[in-house]
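# Structural overview for review
This is what each chain is made of:
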Amino acid sequence: MSKLAAMKTPVFWAEGHPGRLDRENWTIEVTGACTKPRSFTWEDLNALPQKEVQGRLTSVTRWSVGGLWKGVALSTILDEVGMKPSCKYIRFWSVGMIYDTSIPLETALREKSLLAHSFDGEYLTEDYGGPVRAFIPYLWGYKSAKSVVKIELNEKYVSGYWEKRGYTDSGEIEPGRCRDINAGGEVKLIPGGDEVQF
Ligand SMILES: Nc1nc2c(c(=O)[nH]1)N[C@H]1C(S)=C(S)[C@@H](COP(=O)(O)O)O[C@H]1N2
Ligand SMILES: [Mo]
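As a starting point, this report considers the structure included with it. What you see is a predicted model, and the numbers here were worked out from it, not measured in a lab. The residue count restarts for each chain, going from 1 along the sequence in the order it is written. Chains and ligands are labelled sequentially in the order written, the chains with letters from A and the ligands with numbers from 1. Owing to the predicted nature of the model, reporting of local features is limited to residues with pLDDT of at least 70; listing and counting of side-chain atom pairs is limited to 80 or more, with chain, interface and lining totals taken over all residues. The side-chain numbers reported here are obtained from all heavy atoms of the structure, hydrogens and water having been left aside.

### Describing the nonpolar core
What makes a nonpolar core is a set of buried Ala, Val, Leu, Ile, Met, Phe, Trp, Tyr and Cys residues whose side-chain atoms join them at distances within 4.5 Å. Throughout this description, buried means an accessible area under 20% of the type-specific maximum (1.4 Å probe, protein chains only), exposed means over 50%, and partly exposed covers the range between. Residues Ile90, Phe92, Leu115, Ile151 and Leu153 are the most contacted members of the largest nonpolar core, which totals 41 residues. At the level of elements, β1 (27-32), α2 (42-47), α3 (74-80), β5 (89-94), α4 (105-108) and β10 (148-154) are the ones that each hand at least two residues to this core. Secondary structure elements follow DSSP: runs of H or I no shorter than four residues count as helices, runs of E no shorter than two count as strands, and numbering proceeds from the N terminus. Considering every element that reaches this core, the biggest residue donor is β10, with four residues. Any pair of residues with heavy atoms lying within 4.5 Å of one another is described as a contacting pair. If we ignore the near neighbours within four places in the chain, the residues touching Leu115 are Ile28, Leu45, Gly71, Val72, Leu74, Ile77, Phe92, Val132, Arg133, Ala134 and Ile151.

### Some details on the environment of Lys188
Structurally, the position occupied by Lys188 is in strand β12 (residues 186-190). In the structure, Lys188 is positioned 138 residues away from Gln50 in sequence and 32 Å away in space, judged by C-alpha atoms. For Lys188, the contacting residues outside a window of four places in its chain are Gly176, Arg177, Cys178, Asp180, Ala183 and Phe198.

### Considerations on the packing of aromatic side chains
Any aromatic ring pair is given by two values, namely how distant the centres are and how the planes are angled relative to each other. The rule is short: rings of Phe, Tyr and Trp, with Trp giving its six-membered ring, pair when the centres are within 6.5 Å, and they are stacked under 30 degrees, edge-to-face over 60, tilted in between. Under the counting rule described, the total for this entry stands at nine aromatic pairs. Between Trp42 and Tyr123, the aromatic rings sit 5.3 Å apart at their centres with planes inclined by 75°, giving edge-to-face as the arrangement. Residue Trp42 is located in helix α2, and its partner Tyr123 is located in strand β8 (residues 122-123); the two are separated by 81 residues in the primary sequence. Here Tyr123 falls in the partly exposed class, since its relative accessible area comes to 43%. Every member of this aromatic cluster is reached through a ring pair, and the members are Tyr99, Tyr142, Tyr161, Trp162 and Tyr167. Charge-over-ring placement is defined geometrically: NZ (Lys) or CZ (Arg) within 6 Å of the ring centre, and within 35 degrees of the ring normal. When the ring centre of Trp42 is taken as origin, the NZ or CZ atom of Arg23, which lies over that ring, is 5.9 Å away. Positioned above the aromatic ring of Phe198 is the side chain of Lys188, whose terminal nitrogen or guanidinium carbon lies 4.9 Å from the ring centre.

Set out below in structure tokens:
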């Protein structure tokens, strides 16, 4: 059992669970405001510099799970495709192209924003967004799209799956109670505003 599963981390698939996904043949298409649009295969992603960050995924439904996330910095991907100055938002699409969400470029360029493939030394399973998911610890978890197949570099903001259904476009973490999954669901208080650190 994966560590995320062992801690009983909730599994959210608003669009329905995608089933078995093929890690070795995974590709992520990057399009939009860039000079070198291209696809990244699993092999391509692994050939890029790998980054490990300690951070938390924090859901608007008030739980948070922390650990060591590993993958490729989003800034590396944006460099690779020759992002144009007109790019202001990064839009992620999950497998099946039903779930999407967008984040501001500034957030994508922050230190801990990743295309993540691992958590605490294990590859992410399908339940938790494997083979590759967005990991954006600075915003509510709905901005961390799972099993990403496409990334759009956009000039204008577009509301995503949950944003259209009432969650904020900013995804800013709000203060209040939050269950710490790493501590067996113990309720703690979070200040809000940026990444959650217990
Ligand atoms: N494709 C997809 N990505 C998604 C979601 C989803 O329903 N579908 N839920 C989001 C929400 S609301 C949260 S809190 C996290 C939860 O991640 P987990 O299911 O790996 O715990 O994934 C985010 N990414
Ligand atoms: Mo969430």
